[in-house]
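Coordinates in review
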Amino acid sequence: MNSRFAQWAILGLTLTFLIGPFLIIIAAALSAGNNLAFPPQGYSLKWVIKVFEIESFRKSFGVSMLLAVFGTLAALVLGVPAAYALTRYRIPGAEPVRLVLSAPIIVPGIIVGLALLRYLVIPTGVTIMLALFLAHTALVLPYAVRVVSASMENLRTDIEEAAMLLGCSRTGAFLRVVVPNLRGGILAAFILGFVTSFNQVPVSLFLSGPGVRTLPIDMIAYMEINYDPSVAALSALLAFMSMAIVFAAERFLGFSRYV
Amino acid sequence: MFENRTEGLALALPAAFFAAVLFILPVGILLSEAFRVGGNWSLTGYIEFFSNERNQTVFFRTLKLGVMVTVVSAVVGYAAAFSIVGLPTTARGRIFGLVILPLMISPVARTYAWLVILGRTGFVNKLLTTLGLADAPIRILFTETAVFIGLLQLFMPLMIISLVSAMENLPKDAVPAARILGANWLQVFTRVILPLTREGLVIGGTLVFTGSLTAYITPAILGGSKVLMLETLLYQRVTVANDFVSASVIAMILIVMSFSVNVLLKRMATARRHR
Amino acid sequence: MSDFVSLERLTLAYGKTVAVEAMDLGIRKGELLALLGPSGCGKTTTMRAIAGLLTPKSGTIQLDGREMTHVPPSKREVGLVFQSYALFPHLTVFENVAFGLRLRRASDLVARVEAVLGTVGLQDLADRAPAELSGGQQQRVALARSLVMKPKVLLLDEPLSNLDARLRLEMRLELQRVQWETGVTMVFVTHDQSEALALADRIVVMRDGRVEQLGTPEDIYSQPVSGFVADFVGFETIRRDPNGDGALAWRPGAVVLGTGPFAGVIRGVSFAGEKNEYVLDSDLGVIRADAPVGFPTHAPGEAVAFDLPRDAAVRLERFD
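Throughout, a residue's number is its position along its own chain's written sequence, starting from 1. Here the convention is simple: chains get letters from A, ligands get numbers from 1, in the order in which they are written. This being a predicted model, a pLDDT of at least 70 is required before a residue's local features are given, and a value of 80 or more before pairs of side-chain atoms are given or counted; all residues contribute to the totals for chains, interfaces and linings. Here the side-chain values reflect all heavy atoms present in the structure, with hydrogen atoms and water set aside.

1. Some details on helix H4 (residues 94-106) of chain A
Rules: Working definition: helices are DSSP H or I runs of at least four residues, strands are E runs of at least two. Numbering for both runs from the N terminus. The span one expects for a helix is its residue count, reduced by one, times 1.5 Å. Here the bend at a residue is taken as the angle between two axes, fitted respectively to the seven residues that end there and the seven that start there.
Here H4 of chain A spans 18 Å end to end across 13 residues, near enough to the 18 Å set by a 1.5 Å rise per residue. Along H4 of chain A, the sharpest change in direction is near 30° and occurs at Val-100 of chain A; proline Pro-104 of chain A comes one to four residues later.

As structure tokens, then:
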């Protein structure tokens, strides 16, 4: 009885600490007042509506969406074959390749952003958008390789051989029996990559130019000037978006198996 | 395993080449800047950086916060993980989902919440003044405490997740067996649980420690320019003073620290397994 | 009779490790051939080379008069039933079996798949996923999937090793029936001599990447060429021939207990129905001897004389 109580007390306190602030954000977002406060002064949806009216949020949301979708897709295009090679082939130099591919996890994003700005954008004059795209692709790449490798390892190698004996070419076997069985892993990698890229701040910190800014950077910039609940409203909306994606993923493919 | 090496390399190389050219090359050049102050190869950049008192403060503060967040995460993490593992299956899944949930929410949103809570007119101050515990609002925001709280909330889930998966692999009867053999709870923890979950602790510790070291948003929002950490210092040096030498030194510190923590802890975890 | 499949001077290697060296082997049309040997002897490697999953380092493979050495597996018309079955987890039983026919755009696909599912007794499970089947059922699906392609040669990797004793007998009969009905040439790999003896028309005993002996089950069982083969088919006592350069081998039943020039001590005994099986420690090493029930019994620890009669021994060409 006693340990039962302790157990729930610990869980209650921990979860309050972890989730509580998020609930407060929601309450603050629904405030009718003009300043950020909790408990809020009355309730209204005006700040939620205001979010959609702020031009720069709309623009930077678009930028972040594009980056998250195409950066993750590009990372998968590079990462799936790499994961396949690392799990299925005896290749010379597998260890250095693995190390190079995991580097983006070890190197802090802010450094990557700065390095790309200084040695790619400035000397070659590529657009900020392209640099952001490349940086986000590189950032997501290790996750793509890791998640896809994990689900590849659960898949027996001999099904490809069986497919070849039944008339498939090497590539045909990959597309017909490997890819369909990796669908869950690839989708999980996409979601993880999408969320990572969308929420990413440090990489994009230095990579912002006129009219090109990712949403989190734009939110920080807005906060520095305004002290109204619109950022709270936006935060709450984004959180619900992430939750909806993760919930759907968990529901339909047991997402947490892959992470 | 397929034997065709050319095929394997052809599949792996595009990704490796991409990471090398877009990642390792530019970062490498950046790292070399601190050694090339004034056109000559030297350690001047490092000597100057570390002789500056403010830089020292920031360096040690970053380390201190990293260690504190890791230790507190571990302590709370063990209690929480132990409670989660003891739940019936469905409840366990739900609670575990709630622990993972914050990881999917934008760190900006999560940090922003603390502004509302810890601010001058925030929730905590209102509570304190209403209850008469404080006459005037106290300053919490822009202190190390605020940054600590923010980091703890940001990274603790990673520790809990690692510990829960380590505890799930614990032999089911290990704890009761130790109890029957006469161990008290402290002994059960130090002699049974700790050794058996060490790998999870190491993985969680690595994630939390390197995460705290390289955090940007939390110190930026909750610490401001008063409580700089290495990443916010880097940002400030570059944007305010165009000081790429300091940026290069900080980059080196961060990379070396997170790399060595990764390697060291990985070795600690595997050394045990092979014993 | 000319060979349907022939391997000539076939050398197979994984990287620098040579698994099979300069192997010659002919397989006849319609026969059931067993590749028998301990793990690491190169039997599975040989089978993979016939399937085209491994490119030989040197030597050639011919099938039905065609040079096949460098033909990819997809064009060989060879079927392989994997030890782990290798069913496609994302496809139903029906679609697993139909997989190869779909690639060929066969017009009579449904009829052929249903017919072969009938042959292996799985017509009722066509819509199941592989994960919902028992091991024995999965193996039948794998068999059907290969058979439906009408391969020239059907290869089976340890077809009975993952099954329990009852299913094993059932599958043996099944394989013999399939071979009899379809006349397909079958090659199966096994490390279990009793499987090979029971099923095969001919047996290839392999050792360290070479053919040690090739013959009918009767040949292998009663006339092993070497100590290695003899040991494999149940000769427990093998000694150098004192009057020649070969060796002599005795099965446990050929050892005479209670009389003879050798002395031993009973270490253990187990009752096996119509006989008692003894294990003796002696100067000749550990000896296994069977005595029919009704003979005087011996207790562990008891000293006992025994004989290895020369006329009950089988002569081997080589001791090892």
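2. Focus on the interface of chain B and chain A
Our working rule: Here, residues are in contact when the closest pair of their heavy atoms is within 4.5 Å. Summed over both partners, buried area is the accessible surface (1.4 Å probe) that two parts give up on being assembled. In what follows, salt bridge is the name for a side-chain nitrogen of Lys or Arg lying within 4 Å of a carboxyl oxygen of Asp or Glu. What qualifies as a polar contact is a pair of N or O atoms within 3.5 Å, subject to a donor-acceptor requirement within protein and to the restriction that residues adjacent in sequence count only when both atoms come from side chains. The residue classification treats Ala, Val, Leu, Ile, Met, Phe, Trp, Tyr, Cys and Pro as nonpolar and Asp, Glu, Lys and Arg as charged. All others, Gly included, are polar.
Taken residue by residue, the interface counts 75 residues in chain B and 76 residues in chain A. Across the interface of chain B and chain A, roughly 7000 Å² is buried in total on both sides, 81% from carbon and sulfur atoms. Ranking the residues of chain B by area buried against chain A places Phe-2, Phe-23 and Met-104 of chain B at the top, with a combined share of 13%. Residue Arg-118 of chain A is joined to Glu-33 of chain B by a salt bridge in which the shortest nitrogen-to-oxygen separation is 3.0 Å. At the junction of chain B with chain A, the criterion picks out 8 residue pairs in polar contact (both at pLDDT 80 or more). For the side of chain B that touches chain A, the element with the most residues is helix H1 (residues 5-33) of chain B, which contributes 20 residues. Each residue belonging to the side of chain B that touches chain A can be placed in one class, and the counts come to 57 nonpolar, 12 polar and 6 charged.

3. So, the sheet that holds strand S5 (residues 66-67) of chain C
All names here are of chain C. Applied cut-off: For two strands to be treated as a pair, DSSP must find no fewer than two bridges joining them. As a rule, the C-alpha atoms of each element are fitted with a line to give its axis, helices using only the stretch in contact, and angles between N-to-C directions run from 0 to 180 degrees.
Ordered in space as S2-S1-S4-S5, the 4 strands form an open sheet in which the pairing is antiparallel. Every interior strand has two partners, whereas the edge strands, strand S2 (17-27) and S5, have only one. The pairing of strand S1 (residues 5-14) with S2 spans 7 bridges and is classified as antiparallel. Its bridge partner being in S2, Tyr-14 is matched across the sheet by Thr-17. Most of the contacts of helix H1 (residues 43-51) go to S1, to which it runs at about 115°, and overall it touches S1, S2 and strand S4 (58-63).

4. Side note on the packing of aromatic side chains
Operational definition: Working definition: a ring pair exists when centres of Phe, Tyr or Trp rings (six-membered ring for Trp) sit within 6.5 Å. Plane angles under 30 degrees give stacked, over 60 give edge-to-face, the rest tilted. Summary of the burial criterion: residues with accessible area below 20% of their type's maximum are buried, those above 50% are exposed, and those between are partly exposed, where the area comes from a 1.4 Å probe applied to protein chains only.
For the coordinates displayed, the defined rule picks out 18 aromatic pairs over all chains. Relative to Tyr-235 of chain B, the ring of Tyr-216 of chain B lies with its centre 5.6 Å away and its plane at 70°, an arrangement referred to as edge-to-face. Linking Tyr-216 of chain B in the loop between helix H9 (185-213) and helix H10 (217-223) with Tyr-235 of chain B in helix H11 (residues 230-241), this pair joins segments that are 19 residues apart in sequence. By relative accessible area, Tyr-216 of chain B is classed as buried at 8%. With centroids separated by 4.5 Å and ring planes inclined at 45°, the aromatic side chains of Phe-88 of chain C and Phe-99 of chain C adopt a geometry described as tilted. Of the two residues, Phe-88 of chain C sits in the loop between strand S6 (78-81) and helix H2 (93-104) while Phe-99 of chain C sits in helix H2, which places them 11 residues apart along the sequence. Accessibility classification places Phe-88 of chain C together with Phe-99 of chain C in one group, the buried group. Three or more aromatic residues joined by ring pairs make a cluster, and in this case those are Phe-61, Phe-190, Phe-194 and Phe-198 of chain A.

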